[in-house]
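# Commentary on secondary and tertiary structure
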Amino acid sequence: QVQLVESGGGLVQAGGSLRISCTLSGRTFDNNAMGWFRQAPGKEREFVAAIAGNDYRVHADSVKGRFTISRGNAKNMVYLQMNVLKPEDTAVYYCAARMFNEIATVRSAFHYWGQGTQVTVSS
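Our subject in this report is the structure included herewith. (Residues numbered from 1 in each chain as written. Predicted model: local features only at pLDDT ≥ 70, side-chain atom pairs only at ≥ 80, totals over all residues. Heavy atoms only, no water.)

## Quick word on the overall build of the protein chain
- Looking only at helices and strands, one finds zero helices and 11 strands in the protein chain.
- Ordered by position from N to C terminus, the α and β elements of the protein chain give β-β-β-β-β-β-β-β-β-β-β.
- Here the protein chain has a C-alpha radius of gyration of 13 Å; the compact-globule value for 123 residues is 14 Å, and the two agree.
- Burial statistics for the protein chain: of 123 residues in total, 46% are counted as buried.
- Across the protein chain, every contact between residues at least 6 apart in sequence was considered, and the portion connecting residues at least 24 apart equals 59%. (Helix = DSSP H or I, 4+ residues; strand = E, 2+ residues; numbered from the N terminus. Rg over C-alpha atoms; globule rule 2.2 N^0.38 Å. Buried < 20%, exposed > 50% of the residue type's maximum accessible area, 1.4 Å probe, protein only. Contact = heavy atoms within 4.5 Å.)

Here's what the structure looks like:
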């Protein structure tokens, strides 16, 4: 059974930084694509960033230049480094994994999801 566990969320002031992590366990795949989504209260879950099996990366326009997705040395770890945080970044952040290596940016393309970690940015 595949499990995704996020960690590292918390409360940070606007302009600050935070790094959240995700660990994939259980059945694993060779360099499968992974991603981060977020959901603010009363809003739809939206794409934040994704990384392909070959480490090609895509970031949403709203976070480009501020957030960076990366993998750990162990391919079952993925991180989201968040800099220059804004109050509008406040959301529950979800880690997701695909069964395939190719990158994707839509929810329906991801097969496994974590429980989420809360990130709150105060003004």
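Moving on, there is more to tell.
## Observations concerning the pairing of strand S7 (residues 67–71)
- Only one face of S7 is buried, namely the one carrying Phe 67, Ile 69 and Arg 71, since none of Thr 68 and Ser 70 on the opposite face is buried.
- Both S7 and strand S8 (residues 77–82) contribute to a ladder of five bridges, which runs antiparallel. Opposite Ser 70, over in S8, you have Tyr 79 as the bridge partner.
- Hairpin connection of S7 to S8: five residues between the antiparallel strands. (Pairing = 2+ DSSP bridges.)

## Things to note about the nonpolar core
- Ranked by size, the top nonpolar core spans 34 residues in total, and within it Met 34, Trp 36, Leu 80, Met 82 and Tyr 93 carry the most contacts.
- The contacts of Met 82, once residues within four sequence positions are left out, are Gly 16, Ser 17, Leu 18, Ile 20, Arg 66, Phe 67, Tyr 93 and Val 119. (Core = buried A, V, L, I, M, F, W, Y, C linked by side-chain atoms within 4.5 Å.)

## What about the sheet that holds S7?
- One open sheet holds the four strands; their spatial order is S1-S3-S8-S7, and the pairing between them is antiparallel. The open sheet terminates on both sides in strands that have one partner only, identified here as strand S1 (3–7) and S7. Neighbouring strand axes in the sheet, compared pairwise and without regard to direction, differ in orientation by 15° on average.
- Where strand S3 (residues 18–25) meets S8, six bridges bridge the pair, whose relative direction is antiparallel. Paired with Arg 19 across the bridge in S8 is Gln 81. (Axes fitted to C-alpha atoms, helices over the stretch in contact; angles between N-to-C directions.)

## A few points about unusual backbone geometry
- One non-glycine residue, Asp 55, lies in the positive phi region at around 75°.
- With respect to the helices and strands, the residue Asp 55 is situated in the loop between strand S5 (46–51) and strand S6 (57–59).
- Residue classification places Asp 55 among the partly exposed residues on the basis of a relative accessible area of 31%.
- A positive phi angle, close to 50°, is found at Val 84, a residue other than glycine.
- Here Val 84 shows up in the loop between S8 and strand S9 (91–97).

## Overview of the state of the cysteines
- A complete count under the given rule lists one disulfide for this structure.
- Between Cys 22 and Cys 95 runs a disulfide, and the two sulfur atoms are separated by 2.0 Å. Around the S-S axis, the bridge from Cys 22 to Cys 95 shows a dihedral of about -80° and counts as left-handed. Residue Cys 22 is found in strand S3, and its partner Cys 95 is found in strand S9; the two are separated by 73 residues along the sequence. The same class applies to Cys 22 as to Cys 95, namely buried. (Disulfide = S-S within 2.5 Å.)

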